[in-house]
Amino acid sequence: MSTPGPAGLPMVVPAPGLPERVRIYEVGPRDGLQNESATVPTEVKAEFIHRLADAGLTTVEATSFVHPKWVPQLADAEELFPRVRDLAGVRLPVLVPNSRGLERALALGARRIAVFASATESFAKANLNRTVEESLAVFAPVVARARDEGAHVRGYVSMCFGDPWEGAVPLHQVVRVCEALLEMGCDELSLGDTIGVATPGHVLELLSALNESGVPTDVIGVHFHDTYGQALANTLAALQHGVTTVDASAGGLGGCPYAKSATGNLATEDLVWMLQGLGIDTGVDLGRLVATSEWMAGRLGRPSPSRTLRALSHKEQ
């Protein structure tokens, strides 16, 4: 791997009890770009995904088959996905909200699907216009159909650590939704700190509660936002618990259009820098990743919030 910073840095100092390898689940093209005020051209999105793949990211969430009325920034899913679906060695999951979205995705050859649930009633209403139970009922046939087609299914769970309307979220609410998603056939879960309020102890407590309910650590990924600067600390806590899948967004792009207090995702560059220093393999070339995020920041017309990108960039931002 190349590091575009001072030679020998970050110094590799492994810590005990951490995994040897971490899979980075890159969400920039979907979760990152869906919150942009301006619509990014399809050809730029396609190049972004190709550049991320060239940087060594092997899981890149490509787009969302949500109705354009709700997420107009991703209205070009049918045009975009065929431009990237043949990338060798790269998993390209897509988000689907319902059976119609699933059929659109399957028709284009998508074989990695994600559904999006909520741990709280307020966010389920704001984001899905349904109760938690109603939304799970909608997802059940979607997951079953996807599995019948041989697709891999991820279940996102939002508001796992705090909700802007309800405040603290009881652990049992999160556990219940996670159990329901696994029971309906999801292959993996992603625990979302949608408004970035989690702290390391809370992360460990939730992971332990899930384990105690029968949810194994190896099906759990974590998705942290950096609203209060806790994303890396929370990620390290999850790694210490045994989690090996971490969601991140190149350049720290993203937020949530339905939760205005949600700021950007954990920046992929910041995550890779920390993991390199810990001697944990990701397969990502940090130099190419920084160049890619710098390129996208230029297309968006604003600097990236990623601290690592800013530190390593050779351009003034």
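Residues numbered from 1 in each chain as written. Predicted model: local features only at pLDDT ≥ 70, side-chain atom pairs only at ≥ 80, totals over all residues. Heavy atoms only, no water.

## So, the confidence of the model for the chain
Counting all residues, the mean pLDDT for the chain is 93, and 94% of those residues have values of 70 or more. Ignoring residues within four places in sequence, the model shows residues 256-262, a span with pLDDT below 50, making 22 contacts including any to other chains. (pLDDT = per-residue confidence, 0-100. Contact = heavy atoms within 4.5 Å.)

## Re the pairing of strand E1 (residues 23-26)
As defined by bridge partners, E1 adjoins strand E9 (residues 245-248) across 4 bridges and the pair is classed as parallel. Across the sheet, residue Glu26 finds its bridge partner in E9, namely Ala248. (Pairing = 2+ DSSP bridges. Helix = DSSP H or I, 4+ residues; strand = E, 2+ residues; numbered from the N terminus.)

## Brief notes about the sheet that holds E1
Here 9 strands make up an open sheet; going across it, the order is E2-E1-E9-E8-E7-E6-E5-E4-E3 and the pairing parallel. Each of the sheet's edge strands pairs with one partner strand only, and the pair in question is strand E2 (59-60) and strand E3 (63-64). One ladder, built from 4 bridges, connects strand E6 (residues 152-158) with strand E7 (residues 188-193); its direction is parallel. Residue pairing across strands places Arg154 opposite Glu188, the latter belonging to E7. Against the sheet, helix H7 (residues 171-183) engages strand E5 (112-118), E6 and E7, with an angle of about 165 degrees to E6. (Axes fitted to C-alpha atoms, helices over the stretch in contact; angles between N-to-C directions.)

## So, the packing of helix H2 (residues 42-54) against helix H11 (residues 286-300)
Across the interface, H2 lies against H11 with an axial gap of 9 Å and an inter-helix angle of 165 degrees. One way to sum up the angle between H2 and H11 is to call them roughly antiparallel. For H2 against H11, the interelement crossing comes out left-handed. Along the contact surface, H2 presents Val44, Glu47, Phe48, Arg51, Leu52 and Asp54, while H11 presents Arg288, Leu289, Ala291, Thr292, Trp295, Met296 and Arg299. Residue classes in the contact of H2 with H11 are distributed as 7 nonpolar, 1 polar and 5 charged. (Parallel < 35°, antiparallel > 145°, perpendicular 65-115°, else oblique. Left-handed = near helix turned anticlockwise from the far one by under 90°. Nonpolar A, V, L, I, M, F, W, Y, C, P; charged D, E, K, R; others polar.)

## Considerations on the environment of Asn211
Looking at where Asn211 falls in the secondary structure, it is placed in helix H8 (residues 200-212). C-alpha separation for the pair Asn211 and Val175, spaced 36 residues apart in sequence, amounts to 9.4 Å. Only 2.6 Å separates the side chain of Asn211 from the side chain of His241, close enough to count as a polar contact. (Polar contact = N/O pair within 3.5 Å; in protein donor to acceptor, adjacent residues only side chain to side chain.)

## So, the pattern of salt bridges
A complete count under the given rule lists 16 salt bridges for this structure. The salt bridge involving Lys45 is made with Asp76; its shortest N-O contact spans 2.8 Å. Note that Lys45 is positioned in helix H2 and Asp76 in the loop between E3 and helix H3 (77-84), a separation of 31 residues in sequence. Across the salt bridge formed by Glu103 and Arg145, the nearest N and O atoms sit 2.7 Å from each other. Taken together, the residues span a long stretch of sequence, with Glu103 in helix H4 (residues 99-107) and Arg145 in helix H6 (residues 132-148) at a distance of 42 residues. Here the residues in one salt-bridge network are Arg23, Arg154, Glu188 and Asp247, joined through shared partners. (Salt bridge = Lys/Arg side-chain N within 4 Å of Asp/Glu carboxyl O.)

## Thoughts on a nonpolar patch on the surface
Among the surface-exposed residues, Leu9, Met11 and Val13 lie close enough to one another that they form a single nonpolar patch of about 290 Å² accessible area. Following the sequence through the fold, Val13 ends up in the segment before E1. Judged by its relative accessible area of 46%, Val13 is partly exposed. (Patch = residues over 30% accessible without salt bridge, like charges linked within 9 Å, V, L, I, M, F, W, Y side chains within 5 Å. Areas by Shrake-Rupley, 256 points an atom, 1.4 Å probe, with all protein chains shown as cover. Buried < 20%, exposed > 50% of the residue type's maximum accessible area, 1.4 Å probe, protein only.)

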